[in-house]
Amino acid sequence: MKTISVPLELINLQNDGFHILVEVVVFGNPFNVVLDTGASKTVLDKNTVEKYTASSDLLFSDKLSTGLGTDSMESFTIQLAEIKIGKIKIKNFEAAVLDLSSICLAYENLQLPPVIGVLGGDILQEYNAIINYKKLLLKLSK
């Protein structure tokens, strides 16, 4: 597979830092995710996922969710038939599912575009991600 470039959006968090957003397509719909090089796995918001799937599609996980200010959050996984990032289609992808309502609410309160979750190191490493801040591009290749 050749290298593809995906546009990024740099979001100013009211002069308290920045987040980088990238568009993904899951459940046949486009969503923004935060590109998070510090996240080991790609994570989707439980409330949003439940709007598009049956709750039986969520599998309880006994793995601890660290790094989100708690280690006691209920964690689930979901097997996505497909997740698209630019022209890359990833089939049968397992994503972590957590209650990210506090993050979603913070984005809403800051009048920022809504997010469905975070794009983590599992995909970034697998697709040899290169982030170009100057051009606001994410390069992926396999």
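All values derive from a computational prediction rather than experimental measurement.

K.L.:
Got a minute to help me understand the nonpolar core in this structure?
P.N.:
One recurring pattern in soluble globular proteins is that nonpolar side chains are buried together. Counting 30 residues, the largest nonpolar core has V22, L80, I85, I90, L119, L138 and L140 as its most contacted members. Elements represented by at least two residues in this core include exactly β1 (4-12), β2 (18-26), β3 (29-35), β6 (75-85), β7 (88-98), β8 (115-119), α3 (121-126) and β10 (137-140). In contact with L140, not counting residues within four places along its chain, are K2, T3, I4, V6, I85, I88, Y127 and A129. In terms of nonpolar packing, the next biggest core, distinct from the first, is built from 13 residues, L13, A39, L98 and V118 among them.

K.L.:
In this structure, what is going on with the pairing of β2? I would like to understand it.
P.N.:
The two faces of the sheet receive side chains in turn, since in a regular strand these alternate between them. Of the strand pairs in this sheet, β1 and β2 are connected by 5 bridges, and their pairing is antiparallel. When the bridges of β2 are listed, L8 appears paired with V22. In textbook terms, the turn of a hairpin is the stretch between consecutive antiparallel strands, and for β1 and β2 this stretch comprises 5 residues, one of which, Q14, has a positive phi near 50°. The pairing of β2 with β3 spans 6 bridges and is antiparallel. Bridge assignment links V24 to a residue of β3, and that residue is F31. Adjacent in sequence and paired antiparallel, β2 and β3 are bridged by 2 residues, among which F27 carries a positive phi angle near 55°.

K.L.:
Sorry if this is basic, but what is going on with the packing of aromatic side chains here?
P.N.:
Inspection of the entire model under this criterion finds 3 aromatic pairs. Here F27 and Y52 contribute two aromatic rings whose centre-to-centre distance is 5.4 Å and whose plane-to-plane angle is 0°, an arrangement assigned as stacked. Here the residue F27 occupies a position in the loop between β2 and β3, and Y52 occupies one in helix α1 (residues 46-52), the gap between them amounting to 25 residues. Exposure remark for F27: the relative accessible area of 24% places this residue in the partly exposed category. Measuring from ring centre to ring centre gives 5.5 Å for F31 and Y52, while their planes differ by 85°; the resulting arrangement is edge-to-face. One end of the pair, F31, is in strand β3; the other, Y52, is in helix α1, with 21 residues separating them in the sequence. What makes F31 buried here is its relative accessible area of 13%. Cluster of aromatic residues (ring-pair linked, three or more members): F27, F31 and Y52. Directly above the aromatic system of Y127 lies the positively charged group of K142, at a separation of 5.2 Å from the ring centroid.

K.L.:
Help me out: how do you make sense of the side chain of S141 in this one?
P.N.:
Tracing the backbone shows S141 in the segment after β10. Ignoring any residue separated from it by four or fewer positions in sequence, one finds S141 in contact with K2, T3, E126, Y127 and N128.

Analysis parameters
- Residues numbered from 1 in each chain as written.
- Predicted model: local features only at pLDDT ≥ 70, side-chain atom pairs only at ≥ 80, totals over all residues.
- Heavy atoms only, no water.
- Core = buried A, V, L, I, M, F, W, Y, C linked by side-chain atoms within 4.5 Å.
- Buried < 20%, exposed > 50% of the residue type's maximum accessible area, 1.4 Å probe, protein only.
- Helix = DSSP H or I, 4+ residues; strand = E, 2+ residues; numbered from the N terminus.
- Contact = heavy atoms within 4.5 Å.
- Pairing = 2+ DSSP bridges.
- Phe/Tyr/Trp six-rings, centres within 6.5 Å; stacked < 30°, edge-to-face > 60°.
- Lys NZ or Arg CZ within 6 Å of the ring centre and 35° of its normal.

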